[in-house]
Amino acid sequence: MTVISVMKFNEKEGAMIADEQATYGGRKAEGAAKIDELSNGGKVAGVMGGSGSADVLRDVSMQTVKAIRENASNTQDGKSLANVLGLVMAQVKRQYIDGYLLAEFGLREADFQSGHRTMPDGARVSLDQSIMQRYQRILDGHDQAANQFLDNGILLLTYDSGGVQLYAASMALANAWPISGQYRCIGSGTDMADGELGAFLETLPREKREHIDIIDGITALLSATERASARNIGVGGIPIIRIVREGKLIKPGEDQSKLAAEIVKATKKGYVSKEFQREALEGLIYTAGDVAAFEESMWREAGDNRTKLDRMLRGYRSV
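Because the structure is predicted, anything quoted here is derived from the model rather than measured. (Residues numbered from 1 in each chain as written. Predicted model: local features only at pLDDT ≥ 70, side-chain atom pairs only at ≥ 80, totals over all residues. Heavy atoms only, no water.)

Undergrad: Looking at this model, I keep getting lost on helix 1 (residues 54-70). Mind explaining?
TA: Residues separated by three or four positions in an α-helix point in the same direction, a consequence of the helix having 3.6 residues per turn. Taking 1.5 Å of rise per residue, the 17 residues of helix 1 would be expected to cover 24 Å, and the 24 Å separating its terminal C-alpha atoms lies within 8% of that figure. When we look at burial in helix 1, the residues that qualify are V56, L57, D59, V60, S61, T64, A67 and I68. Contacts made by the buried residues of helix 1 are with strand 5 (35-39), strand 6 (45-51), helix 2 (78-105), helix 5 (144-150) and strand 9 (153-160). (Helix = DSSP H or I, 4+ residues; strand = E, 2+ residues; numbered from the N terminus. Expected span 1.5 Å × (residues − 1). Buried < 20%, exposed > 50% of the residue type's maximum accessible area, 1.4 Å probe, protein only. Contact = heavy atoms within 4.5 Å.)

Right under this line is the structure:
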């Protein structure tokens with residue numbers, strides 16, 4: 001359960017934000033690493049964020065990183081990184097299906113594809129139709145047990161000499177595909193996050209949608225993550241922020257990210273000004289500014305509303 005949101009601000013800049021909450025065996029935990037970095041060791045790199053089975057996604061990430069490292073000469077742009085990711089996802093899907101079928105039926109996927117099993121004496125026997133139907137249900141996504149490890153999606157933000165590009169990938173296809181719009185969301189929090197980002201883009205004239213102000217874009221992404229956290233089960237914690245700016249990857253710290261999210265919420269509620277929000281986000285996120293100093297500035301900015309702001313941030317409703 002999660003929400004991953006990515007946005008392309010312009011040809012050289014973009015960002016991805018994820019929540020950090022994960023669910024294991026009916027319990028929730030914070031601190032999940034939902035965004036991973038990809039690089040060919042040169043000037044081609046990207047960040048990927050996944051929704052689905054955290055353990056399977058970790059497997060996808062490790063295998064993708066390994067495949068890119070071993071084939072650095074063939075991954076010279078963002079598109080090639082996306083292609084590797086798509087192929088790895090397809091391979092991992094087959095790997096887990098094969099393991100599931102072997103555990104359930106003592107058969108490999110190749111047996112189901114041929115429709116026969118090989119007996120100890122070498123004879124080939126047709127598989128029972130009921131077993132073949134179970135296999136088809138897995139492929140169609142109707143097997144609940146299998147879906148726990150097969151229903152996975154990934155967003156990818158790449159940057160190379162040609163600029164920034166967004167891609168999506170899932171286990172339904174063996175290739176990643178370019179995202180045509182300025183943003184995309186995946187995960188259980190998609191409904192709220194997508195609505196928030198869609199509303200943001202609706203406020204922009206068409207000519208500005210391909211040249212989104214970097215502070216406005218980050219604000220929208222943080223606000224979308226906060227809304228998803230407030231309304232969706234399994235979404236929460238301190239946002240994980242990754243930003244591409246002029247070919248460099250910016251990774252704000254946990255404290256900077258936490259305060260940035262609080263300032264966005266405070267601005268939306270009217271406790272601090274948009275001018276202060278702009279200054280604070282630029283300092284906290286883009287230049288790793290001093291958290292204590294910006295926090296004190298936030299309280300000063302709130303003025304007579306300091307107590308109300310404090311109560312709002314601590315979850316009181318009567319403010």
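Undergrad: So what exactly am I meant to see when it comes to the pairing of strand 5 here?
TA: Successive residues of a regular strand alternate their side chains across the two faces of the sheet. Here strand 5 pairs with strand 6 via five bridges, running antiparallel. Bridge pairing in strand 6 places E37 opposite V47. Linking two consecutive strands that pair antiparallel, namely strand 5 and strand 6, is a turn of five residues; a positive phi of about 85 degrees is found at G41 within it. (Pairing = 2+ DSSP bridges.)

Undergrad: Would you mind showing me how to read helix 10 (residues 291-302) here?
TA: Taking 1.5 Å as the rise per residue, helix 10 with twelve residues should run 16 Å; its terminal C-alpha atoms sit 17 Å apart, in good agreement. For helix 10, the set of buried residues is V291, F294, S297, M298, W299 and A302. Looking at the buried residues of helix 10, the elements they touch are helix 8 (254-268), helix 9 (274-286) and helix 11 (306-313). With its phi angle positive at about 60 degrees, G303 sits one or two positions after the end of helix 10.

Undergrad: Just to check I follow, could you spell out unusual backbone geometry for this structure?
TA: The phi torsion of most residues other than glycine is negative, and most of the peptide bonds are trans. Not every positive phi belongs to a glycine, and E246 is a case in point at roughly 55 degrees. In this fold, E246 is placed in the loop between strand 13 (240-245) and strand 14 (248-250). On the basis of relative accessible area, E246 is assigned to the exposed category, the value being 56%. At A288, a residue that is not glycine, the phi angle is positive and equals roughly 50 degrees. Tracing the backbone through its elements, the reader meets A288 in the loop between helix 9 and helix 10.

Undergrad: Looking at this structure, how should I read the packing of aromatic side chains?
TA: Any aromatic ring pair is given by two values, namely how distant the centres are and how the planes are angled relative to each other. Applying the stated rule across the entire model yields four aromatic pairs. Every member of this aromatic cluster is reached through a ring pair, and the members are Y96, Y100 and F149. Lying over the aromatic face of Y316, R311 brings its terminal NZ or CZ to 3.9 Å of the ring centre. (Phe/Tyr/Trp six-rings, centres within 6.5 Å; stacked < 30°, edge-to-face > 60°. Lys NZ or Arg CZ within 6 Å of the ring centre and 35° of its normal.)

Undergrad: Would you explain the packing of helix 6 (residues 190-202) against helix 7 (residues 214-231) in this entry?
TA: Between two packed helices, the angle of one axis relative to the other and the distance separating the axes together describe the packing. It is the contact of helix 6 with helix 7, at a shortest axis distance of 7 Å, that shows an interaxial angle of 150 degrees. With respect to helix 7, the axis of helix 6 lies roughly antiparallel. When the axes of helix 6 and helix 7 are compared, the crossing they make is right-handed. Facing helix 6, whose interface residues are M192, A193, E196, L197 and F200, helix 7 presents D216, G217, A220, L221, S223, A224, R227, A228 and R231. Here the contact of helix 6 with helix 7 is composed, by residue class, of eight nonpolar, two polar and four charged. (Axes fitted to C-alpha atoms, helices over the stretch in contact; angles between N-to-C directions. Parallel < 35°, antiparallel > 145°, perpendicular 65-115°, else oblique. Left-handed = near helix turned anticlockwise from the far one by under 90°. Nonpolar A, V, L, I, M, F, W, Y, C, P; charged D, E, K, R; others polar.)

Undergrad: Explanation requested: the pairing of strand 13 in the structure shown.
TA: Extensive coverage of strand 13 is indicated by the burial of five of its six residues. Both strand 2 (residues 13-18) and strand 13 contribute to a ladder of six bridges, which runs antiparallel. By the bridge assignment, A15 is partnered in strand 13 with I243. Of the strand pairs in this sheet, strand 13 and strand 14 are connected by three bridges, and their pairing is antiparallel.

Undergrad: It is not clear to me how the sheet that holds strand 12 (residues 183-186) should be interpreted in this structure. Could you clarify?
TA: Sheet strands pair via backbone hydrogen bonds, and the direction of the pair is either parallel or antiparallel. Across the sheet, five strands lie side by side as 12-1-2-13-14; this open sheet has antiparallel pairing. If you trace the sheet from one side to the other, it starts and ends with strand 12 and strand 14, each paired once. Going from strand to strand, the sheet's axes swing by 10 degrees on average, the running direction of each strand aside. Relative to strand 12, helix 6 is tilted by about 165 degrees, and along the sheet it contacts strand 1 (4-8) and strand 12.

Undergrad: Would you mind showing me how to read the nonpolar core here?
TA: Side chains of nonpolar character tend, in soluble globular proteins, to be buried together. Membership of the largest hydrophobic core comes to 46 residues, with the highest contact counts inside it found for F9, I218, L222, I285 and Y286. Considering each element in turn, this core owes the most residues, eight residues, to helix 7. Those residues within four positions of F9 in sequence are excluded, and the remaining contacts are G14, A15, Q182, E210, H211, I212, I214, G217, I218, L221 and Y286. L57, Y100, L150 and L156 belong to the second largest nonpolar core, which has 34 residues in total. (Core = buried A, V, L, I, M, F, W, Y, C linked by side-chain atoms within 4.5 Å.)

Undergrad: Explain the side chain of S223 here, please?
TA: Looking at the element boundaries, S223 is found in helix 7. We classify S223 as buried; its relative accessible area is 7%. In terms of polar contacts, S223 uses its side chain to reach the side chain of K268, at 3.2 Å. Excluding its chain neighbours within four sequence positions, the residues that come into contact with S223 are E196, V264 and K268. (Polar contact = N/O pair within 3.5 Å; in protein donor to acceptor, adjacent residues only side chain to side chain.)

Undergrad: Where do I start with the packing of helix 2 against helix 4 (residues 129-139) in this structure?
TA: For the pair helix 2 and helix 4, interaxial distance at closest approach is 12 Å and the crossing angle is 150 degrees. The angle between the axes of helix 2 and helix 4 places the two elements in the roughly antiparallel class. When you trace helix 2 past helix 4, the crossing you get is right-handed. Contacts between helix 2 and helix 4 involve R94, I97, Y100, L101, E104 and F105 on the former and, on the latter, I131, R134, Y135, I138 and L139. Here the contact of helix 2 with helix 4 is built from residues that sort into eight nonpolar, no polar and three charged.

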